[in-house]
Amino acid sequence: MNKQIDMKNLVELKVINNRSNLLKIEKDWNQLFIQQEQQWPFLEWEWFNIFWAEMDLSGWDVFILTAWEIDTLVGAAPLMKKEKRFFGLKYSIISGLENVHSPSYSWLLPKESDKKHSVVKLFIKHISGITTNRYMLTWKNAYSYHSATKDLKRILYSEGLKVDSLPLRFPLTFSIPRDKKSILYSVSKSMRKRLRNKWKRLNNMGKVVFEEVSGSPDLSDYLNSAWELELKTWKGKSGSAIAQDVFLKNFYNNLAIKLSSSGKLALFMLWSDSELVAFLYGICDKQIIHELKGSYNPEFSDYSPGHLLDWKVMEWTQNRGLRKVNMCGEAEDYKKHWCNKQDEVSAIRVFSPELFGKLFYHICFGWKNKLRKIGIIYGIIEFFNKKRRRLTKKSI
């Protein structure tokens, strides 16, 4: 591990460049994690350990910046680096250790304001040093309204860095009602009627069974059934199903095994006789279910199996006294039937304060921000950009 020391605050920087060193700080990491105001399971040591081990990170140099006060871990920033060129000039993209399968991402920082500032300053100093001040630091899963994101952005601004924030998606959550009234009364009357009708129709075809199988000794069989079902959907046709990517499959399988052993796995199945109709895979942590993956058999689409499974999962959640269901990902229309709160996930981009960083920002992103203020012009440009991307995908 490489070391640097901030003599003013006696905070020492250690850089973790391989997983063997990450394994050594599990207890320290988890101790720091429980001090975080926003305790997402995607910031725990276990998540990053499996992510680093199983995800396809080819082309990236993975490293984790850690800050220590004597023998106490007070900060951690899981990152990865890739070299690129901008008009012939070499620069570095420093990304958070995350991708589209990471519902949220942030740095783990101390509570105390002064110490937090010292840790961020130490991290930025190291990033500037390894990139000769030619870098763009970015992470795409920042919950914009949470205090951790606000504090980090404020500190980066105070260090003279250019910080750009772009809203990406708006995940939805459903707060479970405290009374024991049927969970169906949380949706509209027409939706309630449709769900009951479709459950009855599906049950007439064959006995419908809802199962929570998180602690089952046959967990691997249930997971294989889920991945096989996903292959039947549009994801199988587009090549993006989990079963078609050995890295993704290993990640979700190993994550499920770890979560199951700690009682945090949330895996639900809906069957019609012995045929799997729909599944939902998530994490149950601190009275919240975070939905990560789910799909349904297109042969049963007339019965809205995804909605039926959501209904039963909400009931299961209410019966166990849980507080919330976090529907990670995009704010698709089917989620809006249930959810009563919307958040904002943004892409945070940080540019070096040197001339290169300023030019890079203004040439690549500054003009977009100015056009965004003129809403209709930016909307027209984005419309044609999306149309062009769709045509490119079809040609491929």
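Preceding this section is the structure that the text describes.
Since we're looking at a predicted model, the values are computed, not measured.

Criteria and cut-off values
Within every chain, residues take consecutive numbers counted from 1 along the sequence as written. It should be noted that, the model being predicted, local features are given only for residues of pLDDT at least 70 and side-chain atom pairs only at 80 or more, the latter also being counted only at that level, while totals for whole chains, interfaces and linings use all residues. The basis for every side-chain value is the complete set of heavy atoms in the structure, and neither hydrogens nor water enter the calculation. Runs of E in the DSSP output that reach at least two residues are strands. Runs of H or I that reach at least four are helices, and both are numbered from the N terminus. Whether a residue is buried, partly exposed or exposed follows from its accessible area with a 1.4 Å probe, protein chains only, as a fraction of its type maximum: under 20%, in between, or over 50%, in that order. Contacts are residue-level and defined by heavy atoms, with any inter-residue pair within 4.5 Å sufficient. All accessible-area figures derive from a Shrake-Rupley calculation using a 1.4 Å probe, and residue coverage is judged against the displayed protein chains alone. Pairing between two strands is assigned when DSSP locates at least 2 bridges connecting them. Axis definition: a line fitted to C-alpha atoms, over the contacting stretch in the case of helices. Angles run 0 to 180 degrees between N-to-C directions. A residue counts toward a patch only above 30% relative accessible area and without a salt bridge, and it is joined to like-charged neighbours within 9 Å or, for Val, Leu, Ile, Met, Phe, Trp and Tyr, to nonpolar neighbours within 5 Å. Every case where a carboxyl oxygen of Asp or Glu lies within 4 Å of a side-chain nitrogen of Lys or Arg is listed as a salt bridge. Two N or O atoms form a polar contact when they lie within 3.5 Å of each other; inside protein one atom must be a possible hydrogen donor and the other a possible acceptor, and for residues adjacent in sequence the pair counts only when both atoms belong to side chains. To pair, rings of Phe, Tyr and Trp, with the six-membered ring standing in for Trp, must have centres within 6.5 Å; the planes then decide the type, stacked if under 30 degrees apart, edge-to-face if over 60, and tilted in the middle. By nonpolar core is meant a set of buried Ala, Val, Leu, Ile, Met, Phe, Trp, Tyr and Cys residues that side-chain atoms within 4.5 Å join together. Should an angle lie under 35 degrees it is considered roughly parallel, over 145 roughly antiparallel, and from 65 to 115 roughly perpendicular; all remaining angles are considered oblique. Three categories are distinguished: nonpolar for Ala, Val, Leu, Ile, Met, Phe, Trp, Tyr, Cys and Pro, charged for Asp, Glu, Lys and Arg, and polar for the others, with Gly belonging to the last. Crossing handedness is read from the near helix: turned anticlockwise from the far helix by less than a right angle, it gives a left-handed crossing, and turned clockwise, a right-handed one.

(A) Spatial organisation of the overall build of the protein. Looking only at helices and strands, the protein has 13 helices and 15 strands in total. Within the protein, the fraction of its 396 residues that count as buried is 51%. Considering only contacts in the protein between residues 6 or more positions apart, those separated by 24 or more positions represent 69%. In the structure as shown, the protein presents an accessible area of about 19900 Å², 51% of it carried by carbon and sulfur atoms.

(B) Looking closely at the sheet that holds strand β13 (residues 324-327). Taking strand neighbours across the sheet as the criterion, the seven strands line up as β9-β10-β11-β12-β13-β8-β14 in an open arrangement whose pairing is mixed. Each edge of the sheet is formed by a strand with only one pairing partner; in this case those strands are β9 (208-212) and β14 (341-342). Those strands touched by helix α7 (residues 219-231) are β9, β10 (265-272), β11 (275-285) and β12 (288-296), and its axis lies near 115° from that of β11.

(C) Seen up close, a nonpolar patch on the surface. A grouping of Phe87, Leu355, Leu359 and Ile363 is seen on the molecular surface, where their side chains present a nonpolar patch of about 470 Å² in accessible area. Within the secondary structure, Ile363 sits in helix α12 (residues 355-373). On the accessibility criterion, Ile363 (43% relative accessible area) is partly exposed.

(D) Representation of the environment of Ser20. You can see Ser20 is positioned in helix α1 (residues 19-23). Residue Ser20 is classed as partly exposed on the basis of its relative accessible area, which comes to 43%. The sequence separation of Ser20 and Asn49 amounts to 29 residues, and the corresponding C-alpha distance is 9.9 Å. In terms of polar contacts, Ser20 uses its side chain to reach the side chain of Asn18, at 2.4 Å.

(E) Summary view of the environment of Tyr296. By the element assignment, Tyr296 lies in strand β12. Since its relative accessible area comes to 38%, Tyr296 is described here as partly exposed. Setting aside residues up to four positions removed in sequence, Tyr296 forms contacts with Leu229, Thr233, Val277, Ala278, Ser301, Pro305 and Gly306.

(F) Inspection of the packing of aromatic side chains at higher detail. In this structure the tally under the stated criterion is 25 aromatic pairs. Each ring, one from Tyr222 and one from Trp271, has its centre 6.4 Å from the other, and the planes form 65°; the classification is edge-to-face. Here Tyr222, found in helix α7, pairs with Trp271, found in strand β10; they are 49 residues apart in sequence, far enough to count as distant. Where Trp227 meets Tyr281, the ring centres are 6.0 Å apart and the plane angle is 40°; that geometry is what we call tilted. Of this pair, Trp227 sits in helix α7 while Tyr281 sits in strand β11, and the two are 54 residues apart along the sequence. The exposure classification of Trp227 matches that of Tyr281, with both residues buried.

(G) Representation of helix α3 (residues 45-54) within the structure. A large share of α3 lies buried, amounting to eight of its 10 residues. Of the residues making up α3, those classed as buried are Trp45, Trp47, Phe48, Asn49, Ile50, Phe51, Trp52 and Glu54.

(H) Molecular detail of the pattern of salt bridges. Per the counting criterion, the structure on display carries 11 salt bridges. Measuring nitrogen to oxygen at the nearest pair gives 2.9 Å for the salt bridge that ties Glu69 to Lys115. With a gap of 46 residues between them, Glu69 in strand β3 (residues 61-69) and Lys115 in helix α4 (residues 113-131) connect regions that are remote in the sequence. As a salt-bridge pair, Lys312 and Glu315 come within 3.4 Å of each other at their nearest N and O atoms. With Lys312 and Glu315 both in helix α10 (residues 305-319) and three residues apart, the pair spans about one turn of that helix. Take Lys312: its relative accessible area is 15%, and that puts it in the buried class.

(I) Local environment of the nonpolar core. The biggest cluster of nonpolar side chains holds 81 residues, and the ones touching the most others in it are Trp29, Leu79, Trp107, Leu137, Trp139 and Tyr281. Not counting the four nearest positions on each side in its chain, Leu137 is found in contact with Leu79, Ile94, Trp107, Ile124, Ile127, Ile348, Arg349 and Val350. Counting residues in hydrophobic clusters, the runner-up holds 32 residues, among them Leu172, Ile289, Val313 and Leu322.

(J) Representation of the pairing of strand β2 (residues 11-16) in the model. Taken across its six residues, β2 has six buried, putting it largely inside the fold. Covered by surrounding structure in β2 are Val11, Leu13 and Val15 together with Glu12, Lys14 and Ile16, the residues of both alternating faces. With five bridges joining them, β2 and β3 adopt antiparallel strand pairing. In the sheet register, Leu13 faces β3, and the bridge partner there is Ala67.

(K) A look at the packing of helix α6 (residues 189-205) against α10. Closest axis-to-axis distance for the α6/α10 pair is 10 Å, and the angle between their directions is 105°. Relative to α10, the element α6 lies roughly perpendicular. Each of Met191, Leu195, Arg196, Lys198, Trp199 and Leu202 in α6 lies in contact with α10, whose residues at this interface are His307, Leu308, Trp311 and Lys312. Looking at the contact of α6 with α10 residue by residue, the class counts come to six nonpolar, one polar and three charged.

(L) Layout of the side chain of Arg349. Mapped onto the fold, Arg349 is located in strand β15 (residues 345-351). A polar atom in the side chain of Arg349 sits 2.6 Å from the side chain of Asp164. Those residues in contact with Arg349, other than ones at most four positions away along the chain, are Met136, Leu137, Thr138, Lys162, Val163, Asp164, Leu166 and Phe365.

(M) Just the packing of α3 against helix α9 (residues 246-261), in detail. Where α3 contacts α9, the axes come no closer than 9 Å and their chain directions differ by 150°. Regarding the angle of α3 to α9, the classification is roughly antiparallel. Helix-helix and strand crossings are classified by hand; for α3 and α9 the assignment is right-handed. Side by side, α3 and α9 meet where Glu46, Trp47, Ile50, Phe51 and Glu54 of the first sit next to Phe247, Asn250, Phe251, Asn254, Leu255, Lys258 and Leu259 of the second. Residue composition of the contact of α3 with α9, grouped by class: seven nonpolar, two polar and three charged.

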